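Structural overview for review
Now for the letters of each chain:
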Amino acid sequence: MRTAIVWLRRDLRMNDNPALAAASEAERIVPLFCFERGLWDGRHSSPNRNAYLLASLRDLDADLRSTGARLHFRSGDPAVVLARLATEAGAEVVHVNRDHTAHSRARDQRVGRALADGGVELIGHNGIACAEIARIETGSGGPYRVFTPFYRAWARAGRRELAKRPRRLAGAPSGVGVGSPPTKEEMGVDARAERIAGGFGPGETAARRAMRRALERADAYHRVRDLAGDDATTKLSPQLHFGTISARELETELLDRGTKGATELRRQLAWRDFWLNVIRHFPGNRELEYDERMRGMRWRTSDRDFEAWCEGRTGVPWIDAGMRQLREEGWMHNRVRMAVASYLTKNLRLHWRRGEAHFMAHLLDGDESQNNGNWQWAASTGADPQPYFRIFNPVKQQEKFDPDGTYVRRWVPELADLPDGHLGAPWEAPPEVLAEAGIALGDDYPEPLVDLKDSRAEAIERFGEARGG
Ligand code: FAD
């Protein structure tokens, strides 16, 4: 093989990158990142993620240069860009790691056709998921819709070998322009977005350090994963989203450890593959409820309540803490994500799509497959959803998963002096306790937007009606 292009997308790494490893066998190699317009004006564009992307690409380019290659940049429609670059470079083949979202699959089909017209082959590899999820099927040959049986099949399914990190790479054919990335300004990246991205160490070098740290702590994962104040989950979701670490490599390390904590952590990676599997087989979920009965649900439309939720001003500390963490860090603890999503869709009965969009605008790990799957889970509209009548009580959740109030006090500092026993529900605290803590409800901290008990009862009724109707 004379010349190969490796088109990098959300696999921004040298280690265990099957597409890069395959391309490295060519006599000449052109590593490419193509900036699609949707990155800055698409429905899910995000300055935080764009800042992370640009920094990760710089790191990858430095690593590629140290092997003799370098990253090439193009902007525009990948079908046009790839066909043109293949001609320019005289490439015979383009290697990619396959993604599973509706957008990427449709895009790859278009690119494949455009390349085929010029006699160039597009070859897909499994470099994003742990398992080859396209091959995981039920006994009757259909897709899994429920996690537990999927998990069993996923655990049994074969795995590819880890791909070797290339030590030396050939350069591109002479005359192929390197190109340049869009500017930060064009990508909507400001200092705030850069600070947020910097908090999660973009680029493979930092990602591998974070993975090592996470592995050292993996054995205790099952004991600490729900304690939001301890901040003891891996926080590797942005790195997994951008592929600065490989899910398959992480899984391999966890299997080697084999402890209870490592097994529980590996199970979370199965959830990641499960949602990739769901969006692959049910691409319509990106627009509509998976559960058709829920498509007629009458959601409330209050902009005032939605804004209060977005800004962390609902008057429920557990919810407000999570929403403020999201704004400040571009990340939120999973326990709290579940609670804020439940609160928005059940207590406020606002459409899950509004929550999904807000998360996508802020999350560094914002990913259509994972976000949509989890939002539809929380809204009881999705595949294998949370039963609609099991509604999280945010006061009890705070008591259970933040018993010493570390998390709430970190993100809602105006409540810092409230005693632990009142931190989850300040509206129930006696006036003298509030006065002692220096809090005037309604001034220093909001009164609750809705009554938790009444709104829960109403949600159960409305959700029940929608499902029966
Ligand atoms: P850990 O607990 O350390 O888990 C390790 C890895 O396992 C994670 O990095 C992630 O890749 C995977 N994982 C863990 N929990 C889940 C889960 N519930 N679903 C799928 N994969 C999981 N995750 C995203 O990556 N992108 C999203 O856009 C996203 N949106 C979410 C929206 C809602 C409403 C909810 C409830 C969850 C969402 N999640 C999303 C899942 C989960 O909250 C995050 O993956 C997790 O909090 C990331 O933190 P961590 O890396 O410390 O996780």
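Being a predicted model, the structure only gives us computed values, none of them experimental. (Residues numbered from 1 in each chain as written. Predicted model: local features only at pLDDT ≥ 70, side-chain atom pairs only at ≥ 80, totals over all residues. Heavy atoms only, no water.)

Applying the stated criterion across every chain, the model contains 43 salt bridges. Here Arg-208 ties to Glu-249 by a salt bridge, and the two come within 2.8 Å at their closest N and O atoms. Here Arg-208, found in helix H8 (residues 204-216), pairs with Glu-249, found in helix H11 (residues 247-257); they are 41 residues apart in sequence, far enough to count as distant. By relative accessible area, which is 22% here, Arg-208 ends up partly exposed. As a salt-bridge pair, Arg-266 and Glu-251 come within 2.8 Å of each other at their nearest N and O atoms. Within this pair, whereas Arg-266 is found in helix H12 (residues 260-281), its partner Glu-251 is found in helix H11, the two being separated by 15 residues in sequence. One salt-bridge network, in which partners are shared between bridges, spans Arg-43, Arg-286, Glu-287, Arg-353, Glu-356 and Glu-368. (Salt bridge = Lys/Arg side-chain N within 4 Å of Asp/Glu carboxyl O. Helix = DSSP H or I, 4+ residues; strand = E, 2+ residues; numbered from the N terminus. Buried < 20%, exposed > 50% of the residue type's maximum accessible area, 1.4 Å probe, protein only.)

Burial runs high along strand E2 (residues 28-35): 7 of the 8 residues are buried. As paired elements, strand E1 (residues 3-8) and E2 share 6 bridges and run parallel to each other. In the sheet register, Trp-7 faces E2, and the bridge partner there is Leu-32. Remark: the E1/helix H1 (residues 18-23)/E2 crossover connection has right-handed handedness. Bridge count between E2 and strand E3 (residues 72-75): 4 bridges; the pairing is parallel. Residue pairing in the sheet places Leu-32 in a bridge with His-72 of E3. (Pairing = 2+ DSSP bridges. Right-handed = clockwise from strand over helix to strand, strands pointing away.)

Right, let's get into the packing of aromatic side chains. Between two aromatic rings, the relevant description is the distance of the centres plus the angle of the planes. Scanning all chains against the criterion turns up 21 aromatic pairs. Among the aromatic residues, those joined into a cluster by ring pairs are Tyr-144, Phe-147, Phe-150, Tyr-151, Trp-154, Trp-271, Phe-274 and Trp-275. The ring of Trp-331 has Lys-235 lying over it, and the distance from NZ or CZ to the ring centre is 4.7 Å. (Phe/Tyr/Trp six-rings, centres within 6.5 Å; stacked < 30°, edge-to-face > 60°. Lys NZ or Arg CZ within 6 Å of the ring centre and 35° of its normal.)

Attention shifts here to the environment of Ala-457. Structurally, the position occupied by Ala-457 is in helix H21 (residues 452-468). Owing to a relative accessible area of 44%, Ala-457 belongs among the partly exposed residues under this scheme. With 203 residues separating them in the primary sequence, Ala-457 and Leu-254 have C-alpha atoms 42 Å apart.

With that settled, the discussion passes to the site of the ligand. Close to the ligand lie 28 residues; Tyr-221, Thr-233, Thr-234, Lys-235 and Asn-334 are nearest. In isolation the ligand offers 810 Å² of accessible surface; the protein chains occlude 97% of this area. Every element with two or more residues in the shell around the ligand is listed here: helix H10 (237-242), H12, helix H15 (334-347) and helix H17 (368-378). Ranked by the residues each element gives to the shell around the ligand, the list is headed by H12, at 6 residues. Classifying every residue of the shell around the ligand by side-chain character gives 14 nonpolar, 9 polar and 5 charged. (Near = heavy atom within 4 Å. Areas by Shrake-Rupley, 256 points an atom, 1.4 Å probe, with all protein chains shown as cover. Nonpolar A, V, L, I, M, F, W, Y, C, P; charged D, E, K, R; others polar.)

Function cannot be inferred from these measures alone, as they are strictly geometric.
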